[in-house]
Amino acid sequence: MTRNKIISLDAMGGDYAPYSIIRGADFISSSRSDIEFLIYGDEQKIKPLLDKNTSLKKRCKLIHTDSYISSDEKPSIALRKGGKSSMRLAINSVKSGQSDAIVSAGNTGALMAISKVILRALPDIDRPAIVTSIPNIKGKNTIMLDMGANVDCSSEILYQFAVMGYVFAKAAYKIENPKIGILNVGSEDLKGSDMVRSAATLLKESDIAEHFYGYVEGDDITRGVVDVVVTDGFTGNISLKSIEGAAKLISNTLKKGFRSSILAKMGYLLASRSLKKVLKEIDPNTYNGAMLIGLNGIVVKSHGGADAKSFSNAINVAISLIDDNINDKIVREIESSSYLQRDYIDDIGGAL
């Protein structure tokens, strides 16, 4: 008999915490009897919410914490002073084996810094990255990393991201031969920074060279030109927010259009089912939840502005990663290959 999956929640992280976290977890509890939660946060604020969310109350343990990490706190300060914070204790529970994953909508930099210190990075990984999937016009998902954890990256770091994205595509999405692209300002070989061109050279000379498509541009992300898009966290985060902003613009424009006249409202009644399906497909909240890949443990980052339903989607991401034994698969894939052999990368890097 298999035990229930246990997920730790940083109940104090995010713009609408703790309400959105507790309500989101309750959505999961009402439909999944195999999921339990360890909830870390202020008991005075959380207990009244649990009393109203009865499904969750039956399947959770509340651990009181006096402190939490604010959204504007520097990661270095969070590391030094956040030892008893809701985020730190939730991450500790993954390290100790009390839980199978942690989900937090809190400070991204602090989450990455504390997770790296507590859980440690996988062998031969210098910097873990935030990886997520973005829907494309082919009806599939484009995997993209880094989405904001590492603003400045060397060519070697981008190469590691490419390897992790490749392995993630195979393990999580069952893509047999993932195609990898590096985000650039053009598709020509001479375009881009030295860092980007050097990363491309590393990939061309590596064991996964046959999977390297080349450079891709911003509009290629949603076109589904490649399975994995690699970039630094600065560009990746801007790209993600731009895509989300465009989706919201389209959604709002459609809604306004259908409210503009009686004929438009009649048209909406005829097309409402299809329209709702389209709006759901482009709603960023539907795809909330990104894994911090490259760590010895499952850490999922939710949008800071996630509402309850959106946060429940981030929890579902954690559940699917647990079900897929994603970290074990990533470790096995990396260990059984020479993709990240340090001497190999150093040799190639020195020749650039």
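Residues numbered from 1 in each chain as written. Predicted model: local features only at pLDDT ≥ 70, side-chain atom pairs only at ≥ 80, totals over all residues. Heavy atoms only, no water.

**Q** Even after reading the chapter, I still don't get the pairing of strand β7 (residues 180-183), so can you show me in this structure?
**A** Each regular strand carries side chains that alternate between the two faces of the sheet. Of the two faces of β7, both are covered, the one formed by Ile 180 and Ile 182 as well as the one formed by Gly 181 and Leu 183. Sheet analysis places β7 next to strand β8 (residues 212-216), joined by four bridges and oriented parallel. By the bridge assignment, Leu 183 is partnered in β8 with Val 216. The β-α-β motif built from β7, the intervening helix α8 (residues 194-204) and the parallel element β8 has right-handed crossover chirality. Across three bridges, β7 lies against strand β9 (residues 228-230) in parallel orientation. What sits directly across from Ile 180, in β9, is Val 228. (Buried < 20%, exposed > 50% of the residue type's maximum accessible area, 1.4 Å probe, protein only. Helix = DSSP H or I, 4+ residues; strand = E, 2+ residues; numbered from the N terminus. Pairing = 2+ DSSP bridges. Right-handed = clockwise from strand over helix to strand, strands pointing away.)

**Q** Explain the pairing of strand β1 (residues 5-10) here, please?
**A** With six of six residues buried, β1 is to be regarded as a mostly interior element. Covered by surrounding structure in β1 are Lys 5, Ile 7 and Leu 9 together with Ile 6, Ser 8 and Asp 10, the residues of both alternating faces. Bridging between β1 and strand β2 (residues 35-41) involves six bridges; their strand directions are parallel. Its bridge partner being in β2, Lys 5 is matched across the sheet by Ile 35. Taken together, β1, helix α1 (residues 19-29) and β2 form a β-α-β motif whose crossover is right-handed. Sheet topology places β1 next to strand β4 (residues 101-104); four bridges connect them, and they run parallel. Of the residues in β4, the one forming a bridge with Ser 8 is Ile 102.

**Q** Can you help me understand the packing of helix α7 (residues 155-173) against α8 in this one?
**A** In a packed pair of helices, the relevant descriptors are the angle between the two axes and the axis-to-axis distance. Where α7 contacts α8, the two axes come as close as 8 Å, and the packing angle between them is 50 degrees. The angle between the axes of α7 and α8 places the two elements in the oblique class. The interaxial crossing formed by α7 with α8 has right-handed handedness. Every residue of α8 that contacts α7 at Ser 155, Glu 156, Leu 158, Tyr 159 and Ala 162 is listed here: Met 195, Ser 198, Ala 199, Leu 202 and Leu 203. Along the lines of polarity and charge, the residues of the contact of α7 with α8 split into seven nonpolar, two polar and one charged. (Axes fitted to C-alpha atoms, helices over the stretch in contact; angles between N-to-C directions. Parallel < 35°, antiparallel > 145°, perpendicular 65-115°, else oblique. Left-handed = near helix turned anticlockwise from the far one by under 90°. Contact = heavy atoms within 4.5 Å. Nonpolar A, V, L, I, M, F, W, Y, C, P; charged D, E, K, R; others polar.)

**Q** Would you mind showing me how to read unusual backbone geometry here?
**A** Glycine aside, a negative phi is what most residues show, and trans is what most peptide bonds show. Cis geometry marks the peptide bond from Ala 17 to Pro 18, where omega comes out at 0 degrees. As for its placement among the helices and strands, Pro 18 is situated in the loop between β1 and α1. Put simply, Leu 145 and Asp 146 share a cis peptide bond, and its omega is 5 degrees. At Arg 120, a residue that is not glycine, the phi angle is positive and equals roughly 70 degrees. With respect to the helices and strands, Arg 120 occurs in the loop between α6 (108-119) and β5 (129-135).

**Q** Where do I start with the nonpolar core in this structure?
**A** What tends to happen in soluble globular proteins is that the nonpolar side chains get buried as a cluster. Core analysis: the largest hydrophobic core is formed by 64 residues, its most contacted members being Ile 7, Leu 9, Phe 37 and Ile 39. Each residue touching Ile 7, except ones within four places of it in the same chain, is listed here: Ile 35, Glu 36, Phe 37, Leu 38, Ser 99, Ala 101, Val 103, Ile 315, Ala 318, Ile 319 and Ile 322. Grouped together as the second largest cluster of nonpolar side chains are 31 residues, Leu 38, Tyr 40, Ile 118 and Ile 134 included. (Core = buried A, V, L, I, M, F, W, Y, C linked by side-chain atoms within 4.5 Å.)

**Q** Please clarify how the side chain of Ser 104 should be interpreted in this entry.
**A** For Ser 104, the location among the structural elements is in strand β4. Judged by its relative accessible area of 0%, Ser 104 is buried.

**Q** Looking at this model, I keep getting lost on the pattern of salt bridges. Mind explaining?
**A** When the charged atoms of two side chains with opposite charge come close together, those side chains can pair. In the structure shown here, the tally under the stated rule is nine salt bridges. One salt bridge in this structure joins Lys 5 and Asp 34, with 3.3 Å as the shortest N-O distance. With Lys 5 in strand β1 and Asp 34 in the loop between α1 and β2, the pair connects residues that are 29 residues apart, well separated along the chain. Taking the shortest distance from any N to any O, the salt bridge between Asp 324 and Lys 174 comes out at 3.8 Å. Highlighted residues: Asp 324 in the loop between α12 (308-323) and α13 (326-335) and Lys 174 in the loop between α7 and β7, separated in sequence by 150 residues. Put simply, Lys 5, Arg 32, Asp 34 and Asp 323 are held in one network by salt bridges that share partners. (Salt bridge = Lys/Arg side-chain N within 4 Å of Asp/Glu carboxyl O.)

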